[in-house]
Amino acid sequence: TRKLCLKYNPHDSALHNNTKILKGNKMKLVISLLLCGIIGSLAQRTPTRRPTPYPTRYPTARPTDAYRDAYVPFLISGCPSEDVTEAQADQTDFLALVNDVTKTNLEAQSTIPTFSNAYGQEIIREVITSSPIFDATNGDIDLDVQIKLYWDYSSQIKSAVGGTDGGNFQSLMRTSIANWFQAAYNTTDGEAAGIMFSVDMTQYRETSGSNTFTIFMAVISIIIAMIV
């Protein structure tokens with residue numbers, strides 16, 4: 001009977017140890033990346049308020065990621081059919097009007113100052129209206145509106161847009177748009193009185209104005225996929 005002899009190979013043990021170390025290092029790297037992602041998320045979503053310089057220096061401006069984007073649909077209804085058709089033909093001017101009066105009428109609300117007292121920056125930096133749908137048959141105009149707002153006034157702006165703050169934003173918007181129709185298309189007083197303005201707050205959403213965190217997390221995901 002032959003006996004099976006196994007020879008000890010020290011290289012096998014070393015290889016086994018190296019494999020264990022490599023797996024341990026991979027795990028440490030993954031955990032480190034996840035921790036970086038969590039820290040980055042917290043820093044992105046809750047920017048740190050800077051104190052006002054003392055005594056005479058002008059406040060230091062906030063970084064651009066202190067602004068967020070709010071998206072909300074506007075509906076203008078009760079318009080004369082011919083006015084809707086003409087507004088569609090003058091789409092560039094009409095959308096520019098909506099941008100201007102949205103910003104102006106929001107800043108007219110008592111809860112929203114034109115500038116932030118703490119940092120000297122505009123509370124509402126910009127309004128962008130897009131994707132208009134002109135329905136001349138029913139006299140409706142649907143609009144997608146983007147409001148670039150200062151993060152610390154997010155709740156005030158949402159309340160003002162939705163009309164839950166006791167303000168008159170929607171009423172001012174109706175008047176502004178009706179006046180524009182009268183000036184641009186000779187809409188009669190009776191026709192202008194029938195123009196209505198409303199906001200669909202069920203689709204109101206808000207996102208960060210900076211995509212740095214999104215890119216950062218995408219890079220982490222790619223690295224983890226490569227090493228696992």
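Residues numbered from 1 in each chain as written. Predicted model: local features only at pLDDT ≥ 70, side-chain atom pairs only at ≥ 80, totals over all residues. Heavy atoms only, no water.

Evaluation of the coordinates by the stated rule reveals eleven aromatic pairs. Centre to centre, the rings of W180 and Y185 are 5.3 Å apart; their planes meet at 85°, and the pair counts as edge-to-face. For W180, a relative accessible area of 18% translates into the label buried. Look at Y185 and you get buried, because its relative accessible area is 8%. Seen from the ring of Y67, R125 lies directly overhead, with NZ or CZ sitting 3.9 Å from the centre. For R205, the ring lying beneath its charged end belongs to Y71, and the centroid distance is 4.3 Å. (Phe/Tyr/Trp six-rings, centres within 6.5 Å; stacked < 30°, edge-to-face > 60°. Buried < 20%, exposed > 50% of the residue type's maximum accessible area, 1.4 Å probe, protein only. Lys NZ or Arg CZ within 6 Å of the ring centre and 35° of its normal.)

The set of residues buried in helix α2 (residues 81-89) consists of D83, V84 and A87. Buried residues in α2, looked at end-on, bunch into an arc of 100°, giving them a common side. Check the buried side of α2 and you find it contacts α3 (91-107), β2 (124-135), β3 (140-150) and α5 (169-185). (Helix = DSSP H or I, 4+ residues; strand = E, 2+ residues; numbered from the N terminus. Arc of directions from axis to C-beta. Contact = heavy atoms within 4.5 Å.)

F74, F94, I157 and F181 are the most contacted members of the largest nonpolar core, which has 44 residues in total. Elements represented by at least two residues in this core include exactly β1 (67-77), α2, α3, β2, β3, α4 (154-162), α5 and β4 (196-199). It is α5 that contributes the most residues to this core, seven residues altogether. With sequence-adjacent residues up to four places away left out, I157 is seen in contact with L106, I112, I123, I124, L149 and Y204. (Core = buried A, V, L, I, M, F, W, Y, C linked by side-chain atoms within 4.5 Å.)

In this structure the tally under the stated criterion is four salt bridges. Where R68 meets E206, a salt bridge forms, and the shortest distance between an N and an O atom there is 3.6 Å. Separated by 138 residues along the polypeptide, R68 in strand β1 and E206 in strand β5 (residues 205-208) bring together distant segments of the chain. The closest approach of N and O atoms between E122 and K103, which form a salt bridge, is 3.0 Å. With E122 in the loop between α3 and β2 and K103 in helix α3, the pair connects residues that are 19 residues apart, well separated along the chain. Connected through salt bridges with shared partners, the residues K103, E107 and E122 form a single ionic network. (Salt bridge = Lys/Arg side-chain N within 4 Å of Asp/Glu carboxyl O.)

Another point: a negative patch on the surface. There is a patch of like negative charges on the surface, built from E82, E86, D90 and D93. Of note, D90 is situated in the loop between α2 and α3. (Patch = residues over 30% accessible without salt bridge, like charges linked within 9 Å, V, L, I, M, F, W, Y side chains within 5 Å. Areas by Shrake-Rupley, 256 points an atom, 1.4 Å probe, with all protein chains shown as cover. Lys, Arg positive; Asp, Glu negative; His and termini not counted. Charge placed at Lys NZ, Arg CZ, Asp CG, Glu CD.)

Time to look at the pairing of β2. In terms of strand pairing, β2 meets β3 through nine bridges, oriented antiparallel. Along β3, the bridge assignment pairs F134 with I141. With antiparallel pairing between neighbouring strands as the criterion, β2 and β3 make up a hairpin whose turn holds four residues, including G139 at a positive phi of roughly 75°. (Pairing = 2+ DSSP bridges.)

Low-confidence regions, as indicated by low pLDDT, have predicted coordinates that should not be scrutinised in detail. Per-chain confidence: the protein chain averages 79 in pLDDT, with 62% of residues scoring 70 or above. This stretch, residues 46-64, has a pLDDT under 50; its non-local contacts, to residues over four places away or in other chains, come to 27 contacts. Overall, residues 211-216 carries pLDDT values under 50, and its contacts beyond four positions in sequence, including any with other chains, amount to six contacts. (pLDDT = per-residue confidence, 0-100.)

Quick look at unusual backbone geometry now. Phi at S131 is positive, roughly 50°, even though this residue is not glycine. Take S131: it is sitting in strand β2. With a relative accessible area of 47%, S131 lands in the partly exposed category. The phi angle at N186 is positive, at roughly 55°, despite the residue not being glycine. Along the chain, N186 turns up in the loop between α5 and α6 (189-193). Judged by relative accessible area, N186 falls into the exposed class, the value being 65%.

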